[in-house]
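Now for the letters of each chain:
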Amino acid sequence: MTNAESCVLYETDGAVAILTLNRPQALNSFTRQMHRDLWAALDRVEADKNIRALVLTGAGRGFCAGADLSEFDFREGADIMHRADPGPVIQEAFNPTTRRLVNVRVPTICAVNGVAAGAGASVAMACDIAIAAPGASFIQAFSKIGLVPDSGGTWLLPQRVGLARAMALAFTGDKLPAADAKAMGMIWDVQEDAVAAAKAMAQRLAAMPTKALVATRHLLRNAHTHSLDEQLDAERDIQSRMGFTHDYIEGVTAFLQKRTPEFKGE
């Protein structure tokens, strides 16, 4: 399969990988094949040590409309509930995608170029930083079809916006414009050209100490599940591990020598 035929396009710009969900005719809704293509793209990022940051965006006018419901079997019949069960595709596709995104070895920036609905909103929040276009929106669409937020949505959403707002967004399924998403803390910024802004952020992060950034992600994402004592211990242990990296020695040396550090992500 060529890059043009893939459900996820892959390109690089220096030390930045740009992954584009590529089913614009369906608002980039996820099929099982698109999950597999995204995993393959993430495999390339993991394997290429020259890549130091990642941008994820969508082709066309939408970012991601969640699951492609055409892949579910809703034909009438006695076993319709078994055939239409969303559990297997969540277990086999959506959950692995969320786990891959939150654990990828480089910082991730999501450029939300249009609507991010259902699991699409979860995927955006699974990235470290999200920048949205002014016309973009976020929709917790699950309640409208009798389901609950998935792909990490019930964990990611309250972590970003707080329980009260998460509850109302998830219950109502109301559209949340990009500006309101920024005000609530769901995303980092709103920019006219979200993709260009995300690429610029990625280039900035790609020049920084990659291991320290990813370790910071780990500490911040897990802090709410720890007591203060547990978090202090985790900070100590990870800080000690960072002390054995090239970038730590380079950063301190450059500071003492009053020069710009040259980080290698090592």
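If you're wondering where the values come from, they're calculated on a predicted model, not measured in any experiment.

Enquirer: Looking at this model, I keep getting lost on the packing of helix α3 (residues 87-103) against helix α4 (residues 119-126). Mind explaining?
Expert: Two quantities define a packed helix pair, namely the angle between the helix axes and the distance between the axes. Running from N to C, α3 and α4 cross one another at 20 degrees; their axes reach a closest spacing of 9 Å. It follows that α3 is roughly parallel to α4 by the angle criterion. Considering only the axes of α3 and α4, their crossing is right-handed. Contacts between α3 and α4 involve Phe94, Thr98, Leu101 and Val102 on the former and, on the latter, Ala119, Val123 and Ala126. Grouping the constituent residues of the contact of α3 with α4 by class yields 6 nonpolar, 1 polar and no charged.

Enquirer: I keep staring at a nonpolar patch on the surface and nothing clicks. Help me out?
Expert: On the surface, a cluster of nonpolar side chains totalling about 560 Å² of accessible area is made up of Tyr248, Ile249, Val252, Phe255 and Leu256. Along the chain, the position of Ile249 falls in helix α11 (residues 246-256).

Enquirer: Where do I start with the sheet that holds strand β1 (residues 8-13) in this structure?
Expert: Two modes of strand pairing occur in sheets, parallel and antiparallel, and in both the strands are linked by backbone hydrogen bonds. Spatial ordering of the open sheet is given by β1-β2-β3-β5-β7-β10, a layout of 6 strands whose pairing is mixed. Because the sheet does not close on itself, it has two edges, and the strands there are β1 and β10 (189-190). Bridge count for strand β5 (residues 108-112) against strand β7 (residues 129-132) is 4 bridges, and the pairing is parallel. Bridge pairing in β7 places Ala111 opposite Ile131.

Enquirer: Before we go on, may I ask you to explain the pairing of β1 in this structure?
Expert: A regular strand places its side chains on the two faces of the sheet in alternate fashion. Where β1 lies against strand β2 (residues 16-21), 6 bridges are found, and the strand directions are antiparallel. When the sheet's bridge partners are listed, Leu9 is paired in β2 with Thr20. In textbook terms, the turn of a hairpin is the stretch between consecutive antiparallel strands, and for β1 and β2 this stretch comprises 2 residues, one of which, Gly14, has a positive phi near 65 degrees.

Enquirer: Explain the nonpolar core here, please?
Expert: Nonpolar side chains in soluble globular proteins tend to be buried together. In this structure, Leu19, Val45, Leu56, Phe63, Val112, Phe138 and Met186 are the most contacted members of the largest nonpolar core, which totals 50 residues. Listed in part, the 15 residues of the second largest apolar core include Ile131, Ala194, Ala198 and Ala206.

Calculation notes
- Residues numbered from 1 in each chain as written.
- Predicted model: local features only at pLDDT ≥ 70, side-chain atom pairs only at ≥ 80, totals over all residues.
- Heavy atoms only, no water.
- Axes fitted to C-alpha atoms, helices over the stretch in contact; angles between N-to-C directions.
- Helix = DSSP H or I, 4+ residues; strand = E, 2+ residues; numbered from the N terminus.
- Parallel < 35°, antiparallel > 145°, perpendicular 65-115°, else oblique.
- Left-handed = near helix turned anticlockwise from the far one by under 90°.
- Contact = heavy atoms within 4.5 Å.
- Nonpolar A, V, L, I, M, F, W, Y, C, P; charged D, E, K, R; others polar.
- Patch = residues over 30% accessible without salt bridge, like charges linked within 9 Å, V, L, I, M, F, W, Y side chains within 5 Å.
- Areas by Shrake-Rupley, 256 points an atom, 1.4 Å probe, with all protein chains shown as cover.
- Salt bridge = Lys/Arg side-chain N within 4 Å of Asp/Glu carboxyl O.
- Pairing = 2+ DSSP bridges.
- Core = buried A, V, L, I, M, F, W, Y, C linked by side-chain atoms within 4.5 Å.
- Buried < 20%, exposed > 50% of the residue type's maximum accessible area, 1.4 Å probe, protein only.

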